[in-house]
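Structural characterization, general
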Amino acid sequence: MKGAVIRLLLLMVLLAIISRAQVLRADSGTPVTLAAGALLLCGLFAGKVAKGLGLPRLTGYLLVGVAVGPYALGFIPNAGVKGLELVKGLAVSLIALVAGTELRLGLIRRVGARVALLCAAVCGVTFLVCFGATFALKPVLPFLTDMTVPQALAVSALLSTVVVSFSPTVTIAIVQETSARGAFTEFLMALVIIGDLLVMVAFALAAGVTKASFGGALDVPGLLGGVGWELFGSVVVGLVLAMGMLVYMRGVKQELPLFLVGLCFAAAEGGTRLHLSPLLVSLAAGALIANLDERAGERIHHAIQQAGLPVFALFFAAAGAGLKLDSLMTVGPAALLLVSLRGVAIWFSCRRFAPADDPRLKRYLWMGLISQAGVTFGLAALVSKTFPSFGPQVEVLIVAMITAHELVGPVLTRRALAASGEIRTDDAPGTA
Amino acid sequence: MQALLVFLSIAALSLLASSRALDPGRFPALARLAASGFLFVLLGILLGPSVSGLLTDRNVEALRPVTALGLGTAGVLLGLNLEPRLVRLLPRPVYLSGMAHSGTAFFFVALPLLVPLIFTSARGLIGAVGAAAMLGAAASLSSGHSAVLAYRAGRLDRARGLGVALLTMLDDALGLGVLTLALILGAASNVGEGLGLVCLALLLGVMCGALLAFLTHSLKDLAELTTVTLGGVALVGGAAAYLRVSPLLAGVACGATLAVVGGRVAERVARALGRVERPVFLVLVFLVGCAVHARDYWAWVLMPAFVGLRFLGKMVGGRLAGRLAQGSLVLPPRLGYALIAQGGLALCLVAEYSMLVPGVLARRVLDVVVMGAVVNELLAGQAFRYVVDPPRSAMAPAAPDAKVAA
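Just so it is clear, the model here is predicted, and its values are computed rather than measured. (Residues numbered from 1 in each chain as written. Chains lettered and ligands numbered in written order. Predicted model: local features only at pLDDT ≥ 70, side-chain atom pairs only at ≥ 80, totals over all residues. Heavy atoms only, no water.)

**Things to note about the interface of chain B and chain A**
Tallying the contact residues gives 35 residues for chain B and 40 residues for chain A. Here chain B packs against chain A, burying approximately 3,300 Å² in sum over the two surfaces, 77% of which is carbon and sulfur. Taken together, chain B and chain A are joined by 1 salt bridge. The partner of glutamate 224 of chain B in a salt bridge is lysine 48 of chain A, with the nearest N and O atoms 3.1 Å apart. (Contact = heavy atoms within 4.5 Å. Buried area = accessible area lost by both parts, 1.4 Å probe. Salt bridge = Lys/Arg side-chain N within 4 Å of Asp/Glu carboxyl O.)

Here you go:
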């Protein structure tokens, strides 16, 4: 670990020199490539340091991103971090593809109903608690103070829908890192994925109701059409992608990691343009491949492990660099209150409603549900864009919550997997 | 969106290039352009702002980070090839021979083209001298890939094939030297500042190279080594682009430092980088193609002169190089014909120049060299036949492999 610390410090010294040198230049060029290189290298060595400290590598990636990013030391400018959006989409697609290969039909039959019930219970309780708390904070939260009661109720519901969401990305990355396998891991992964689907539907409904409360018409067919397109369209596009992958794997048999990276890149960018969910597209593709051809699923798993390290290190370090620490300062108390209430609600609902046949679910499952990342960011940005009058303030509050959840979530997820006894190795080569 | 378009275009062209549609027997010129990557230049020109406009100027500008990454990678690879042991081993006539063929082509192109450039330059004599020097530098560069492919296919004696390849590697030094000079003259408001920027690029490269050697020193895992190598290359290219200095020169300094201090690490880094060399090169030449302004009529006027003068320069320079290298290097009798292919470094040089030097002239240099390079690549296929199958009178006895230089 000492070597990794020295290397990380040297990297930071070099970044400090570069940012000092930039001050001497009247105009600066594009910082995107610098951001990519710096975050990749810092992320890799910070991951090693984190592992040495007994933390997930992912926490190392995130923390070093925060440290060198625009809101702390400022070695990497904001424009550089924003330019890495494409990498974020790519990483989400790759992670979802791996997760999809875990969704075998047998597993869905075995735990599907129980997972769906628990998911509904956890999401429902968490939603109610956050909804109540947000509405109770109406006199304190600046964006709610001037609203009528129905409007405040609608906005509280919208905010709470986003706050409920989990992070399949973080969960799957930690599972990959620790090579965890077993009933508990399967249950956790299935729950965060189903939870995200539930949140997508609920968010669309809440957004429609909020629009109506502010004077717009409640366009039910349009609302259902939009949700349907996002869910079913994503699955159909994912199935087409899966067929393409299978044809490639059977016909070409070469450079699979490169091909998968290219395809996930296209899925991420194309999916966003077509208003589909890149996560769902890749998830459906992975699930179909694993169920049609088990060996192909394993090959994909192996290939993404090869190509995954740089993508994951860069993705999470960039996510860390994008965390707005200043927003944590401005809306800190309200955000921390909601973070605590969300945590308690998840803990309570898992203790109360988790299946009794596996005591580990009652004890440790809640820890795996705390993380929030990409999906929550996306929904927060959507709120800001759709409701320009109050959306940006809601986004700041949600981003502050994500910041807190990103920092503690991965540690808790790893602890849950360790406590369940399903971690196989702590150093799978080439993983996140 | 632009990135997706570039990716899809390149993927489609890669599939086309590897399919039977580009059979060398049926379409030799297209197959040659596909093999050398220059087909991607043409695709870039076609999709770029000046022809179909599918990629707008804004799109091309947004893809600057990718160009910087490509230039940094090219620079690091070039620097890694500067193996100190090999450089020390080469006898002086070999250096003289390399300088002779590249220097002749440089002067054959730079001096005559200086005149029209002076008349079209808005930045005065210094701007025109810098632009003419860049045209000369691009003309001085040759690619040895035809010779290497010919000896691998058994169509050329191995000693001769490697001799040509060695000479074409040495001319890179002249090209980079002239780029340095042109950037000193044109990249800043005065020569002192220009010199400072070039020094900054080199210093940055040296620091990154030393750091990369240290970072990769004890890495055993291949995935980690590849990740650190990619990160290091992105760091040097990106830092140079951010500070608005040359990513290519910074990359060369980084690679050379790594080759000097890295020992065995340099070989492993070169191998790791070799895995991404081809895709990065194809994307880079595609983006260079996008930057061409095909509607600049002055460029169309200058391009035939550039190609013709370069051809003459290579013929004369090749003869001179053959004489100077006698006894030290085994070369084919009609060496000039083997030096017609221009290679990717010429595109890197002019891309760098047009990125860092403002004005129409720098853009025109890019247009002339890129279009000229495509023509030269097509000419090279025909010209190389005179090397592998020369008239009997020109045949010299073949040398054994033992005499291969280095």
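From this point on, the discussion continues.
**Things to note about the side chain of serine 167 of chain A**
Structurally, the position occupied by serine 167 of chain A is in the loop between α8 (149–164) and α9 (168–178). Serine 167 of chain A has contacts with Ser371, Gln372 and Ala373 of chain A, leaving out every residue within four places of it along the chain. (Helix = DSSP H or I, 4+ residues; strand = E, 2+ residues; numbered from the N terminus.)

**Let's talk about helix α19 (residues 391–420) of chain A**
Of all the bends in α19 of chain A, the greatest reaches close to 35 degrees and is centred on valine 408 of chain A; the proline proline 410 of chain A follows between one and four positions later. For α19 of chain A, the tally of buried residues reaches 21 of 30 residues, placing the bulk of the element in the interior. (Bend = angle between axes of the 7 residues up to and from the residue. Buried < 20%, exposed > 50% of the residue type's maximum accessible area, 1.4 Å probe, protein only.)

**Topic: the confidence of the model for chain A**
When pLDDT is low, close inspection of the predicted coordinates is not appropriate. On average, chain A scores 83 in pLDDT, and the residues at 70 or more come to 94%. Per-residue pLDDT stays below 50 along residues 428–432 of chain A; that stretch engages in 21 contacts with residues further than four places along the chain or on separate chains. (pLDDT = per-residue confidence, 0-100.)

**Notes on helix α13 (residues 278–292) of chain A**
With 15 residues, α13 of chain A extends 21 Å from end C-alpha to end C-alpha; this agrees with the ideal 21 Å at 1.5 Å per step. Burial in α13 of chain A covers these residues: Pro278, Leu279, Leu280, Val281, Ser282, Leu283, Ala284, Ala285, Gly286, Ala287, Ile289 and Ala290 of chain A. (Expected span 1.5 Å × (residues − 1).)

**Some thoughts on the environment of alanine 159 of chain B**
Note on placement: alanine 159 of chain B falls in helix α10 (residues 158–186). In sequence terms alanine 159 of chain B and proline 332 of chain B are 173 residues apart; their C-alpha atoms lie 9.2 Å from each other.

**Some words on the packing of aromatic side chains**
Applying the stated criterion across every chain yields a total of 5 aromatic pairs over all chains. When the ring of phenylalanine 315 of chain A is compared with that of phenylalanine 316 of chain A, the centres are 4.6 Å apart and the planes differ by 70 degrees; the resulting orientation is edge-to-face. What makes phenylalanine 315 of chain A buried here is its relative accessible area of 5%. Here arginine 7 of chain A stacks its cationic end above the ring of phenylalanine 214 of chain B, 4.5 Å away from the centre of that ring. (Phe/Tyr/Trp six-rings, centres within 6.5 Å; stacked < 30°, edge-to-face > 60°. Lys NZ or Arg CZ within 6 Å of the ring centre and 35° of its normal.)

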